[in-house]
Amino acid sequence: LDKRVAFLASLSLLSLPLFTFWGVQLYTEILAAAFGLLAFLFYYKKKTDIHLYISIIFSAIAFLTRYTMGAVFLTIFVLQFINKPIKIKKIIIPIFIFGAFIVPWLFYNQLSFGDPFFSFKSAQQLPLSDPLIYIKTIPTILSFLAILIIPGFLLSLKEFKPKALP
């Protein structure tokens, strides 16, 4: 089942026109995704606190590569407290480590541009001919995914075996 799921997942990714177009372009998304995946890898490998701290370091590097990867840090931070007792140490140390990687960049922006958040602000000023372009392309993306979502759903129904009721 795992090999089939992996095959269907990769096939669905390859069927997206945006992925096939941008997948061969060497921009920061690939590097940010690699750092984000490393962050999750170390988080789930977590046997000691050092794995958590390495995970936070990789999430900070991913954030500095692409600002939208801040969601990686937030996700790992929130996962720390799901079904676990909240400890002050588990709150302060990850924030301190993340901040230790972000503050030098903010300091550099302050010295260079007079605004610590200059790079964050300038990243949001992309010239778009149509500001709703992302919303308008949702039907196109979903139509390509529907080709694989429907067979995948039918395959999961075929393998679904309900448990006997007591």
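Nothing here was measured: the structure is a model prediction, and the numbers come from that model.

### With respect to the overall build of the protein chain
Turning to step 1, where the next piece is worked out: Helices and strands together make up the secondary structure of the protein chain, namely nine helices and zero strands.
Turning to step 2, where the next piece is worked out: Overall, the protein chain shows an N-to-C arrangement of helices and strands of α-α-α-α-α-α-α-α-α.
Turning to step 3, where the next piece is worked out: Counting the 166 residues in the protein chain, one finds 22% classified as buried.
Turning to step 4, where the next piece is worked out: Summarising the internal contacts of the protein chain: among those between residues at least 6 apart in sequence, 61% fall at separations of at least 24.
Turning to step 5, where the next piece is worked out: Of the roughly 12,300 Å² that the protein chain leaves accessible, carbon and sulfur atoms contribute 76%.

### Topic: helix α3 (residues 28–44)
An α-helical turn contains 3.6 residues, so any two residues separated by three or four positions project in the same direction.
Turning to step 1, where the next piece is worked out: Given a rise of 1.5 Å per residue, 17 residues ought to cover 24 Å, and the 24 Å separating the end C-alpha atoms of α3 matches this to within 8%.
Turning to step 2, where the next piece is worked out: Within α3 the residues assigned to the buried category are A32, F35, G36, A39, F42 and Y43. All buried residues of α3 project into a common sector of 125° when viewed along the axis, lining one side. α3 presents L37, L41 and Y44 as exposed residues on the side facing more than 90 degrees away from its buried surface.
Turning to step 3, where the next piece is worked out: Among the structural elements, α4 (49–65) and α5 (70–79) are those in contact with the buried residues of α3.

### Remarks on the side chain of S55
Turning to step 1, where the next piece is worked out: In this structure, S55 sits in helix α4.
Turning to step 2, where the next piece is worked out: Ignoring sequence-local partners within four residues, the contact set of S55 consists of A39, F42, Y43 and I76.

### Quick notes on the pattern of salt bridges
Turning to step 1, where the next piece is worked out: This structure, assessed with the given rule, holds two salt bridges.
Turning to step 2, where the next piece is worked out: Between K89 and D49 there is a salt bridge, and its shortest N-O distance comes to 3.5 Å. On the criterion of sequence distance, the pair formed by K89 in helix α6 (residues 88–113) and D49 in helix α4 is long-range, its members being 40 residues apart.
Turning to step 3, where the next piece is worked out: Note on D49: relative accessible area 25%, which makes it partly exposed.
Turning to step 4, where the next piece is worked out: A salt bridge links D49 to K90; the nearest nitrogen and oxygen atoms lie 2.8 Å apart. Highlighted residues: D49 in helix α4 and K90 in helix α6, separated in sequence by 41 residues.

### Details of the packing of α4 against α6
Turning to step 1, where the next piece is worked out: The contact between α4 and α6 brings their axes to 9 Å, and the two run at 35°. The two elements α4 and α6 meet at a crossing, and its hand is right-handed. On α6, the residues touching D49, L52, Y53, I56, I57, S59, A60, I61, F63 and L64 of α4 are K89, K90, I93, P94, I97, F98, F101, I102 and W105.
Turning to step 2, where the next piece is worked out: Class assignment for the residues of the contact of α4 with α6 results in 15 nonpolar, one polar and three charged.

### Quick look at the side chain of S59
Turning to step 1, where the next piece is worked out: Tracing the backbone shows S59 in helix α4.
Turning to step 2, where the next piece is worked out: Not counting the four nearest positions on each side in its chain, S59 is found in contact with A39, V72, F73 and F98.

### Observations concerning a nonpolar patch on the surface
Turning to step 1, where the next piece is worked out: On the surface, L18, F21, W22 and Y27 cluster together into a nonpolar patch covering about 460 Å² of accessible area.
Turning to step 2, where the next piece is worked out: The partly exposed category is assigned to Y27, whose relative accessible area is 47%.

### A short note on the nonpolar core
Turning to step 1, where the next piece is worked out: Among the nonpolar cores identified, the biggest contains 22 residues, and L52, I56, I76 and F98 are the most heavily contacted of them.
Turning to step 2, where the next piece is worked out: The leading source of residues in this core is α4, at seven residues.
Turning to step 3, where the next piece is worked out: Non-local contacts of F98, meaning those with residues more than four positions away in its chain, are made with I56, S59, A60, F63 and F73.

### Some details on the confidence of the model for the protein chain
Turning to step 1, where the next piece is worked out: Of the residues in the protein chain, 81% reach a pLDDT of 70 or more, and the chain-wide mean stands at 79.
Turning to step 2, where the next piece is worked out: Highest mean pLDDT in the protein chain belongs to α4 (91); lowest belongs to helix α8 (residues 133–136) (68).

So, how was this worked out
Per chain, residue numbering runs from 1 following the sequence as it is written. A pLDDT threshold of at least 70 governs which residues receive local features in this predicted model, and a stricter bar of 80 or more applies before side-chain atom pairs are shown or counted, although totals over entire chains, interfaces and linings include all residues. Calculated side-chain values reflect all of the structure's heavy atoms, with hydrogen atoms and water omitted. For the purposes of this entry, the term helix denotes a DSSP run of H or I that reaches at least four residues, the term strand denotes a run of E that reaches at least two, and both are numbered from the N terminus. Each residue gets one of three labels from its accessible area relative to the maximum for its type: buried under 20%, exposed over 50%, partly exposed in between, using a 1.4 Å probe on protein chains only. The criterion used for residue contact is that any of the two residues' heavy atoms lie within 4.5 Å. Per-residue accessibility takes into account occlusion by the displayed protein chains alone, with areas from the Shrake-Rupley method and a 1.4 Å probe. Given a helix with a known number of residues, its expected span is that number minus one, times 1.5 Å. In this description, one arc is meant: the one made by directions from the helix axis to the C-beta atoms. By convention in these notes, a salt bridge is any Lys or Arg side-chain nitrogen within 4 Å of a carboxyl oxygen on Asp or Glu. Here an angle of 0 to 180 degrees is reported between the N-to-C directions of two axes, which are lines fitted to C-alpha atoms, with helices fitted over the stretch in contact. What makes a crossing left-handed is the near helix being turned counterclockwise from the far one by less than a right angle; a clockwise turn instead makes it right-handed. Gly counts as polar in this scheme, as do all residues outside two lists: the nonpolar Ala, Val, Leu, Ile, Met, Phe, Trp, Tyr, Cys and Pro, and the charged Asp, Glu, Lys and Arg. Each patch is built from residues that are more than 30% exposed by relative accessible area and take part in no salt bridge. Like charges join if they lie within 9 Å; nonpolar side chains (Val, Leu, Ile, Met, Phe, Trp, Tyr) join within 5 Å. What we call a nonpolar core is a set of buried Ala, Val, Leu, Ile, Met, Phe, Trp, Tyr and Cys residues that are connected through their side-chain atoms within 4.5 Å. Values of pLDDT, which run from 0 to 100, indicate the predictor's confidence residue by residue.

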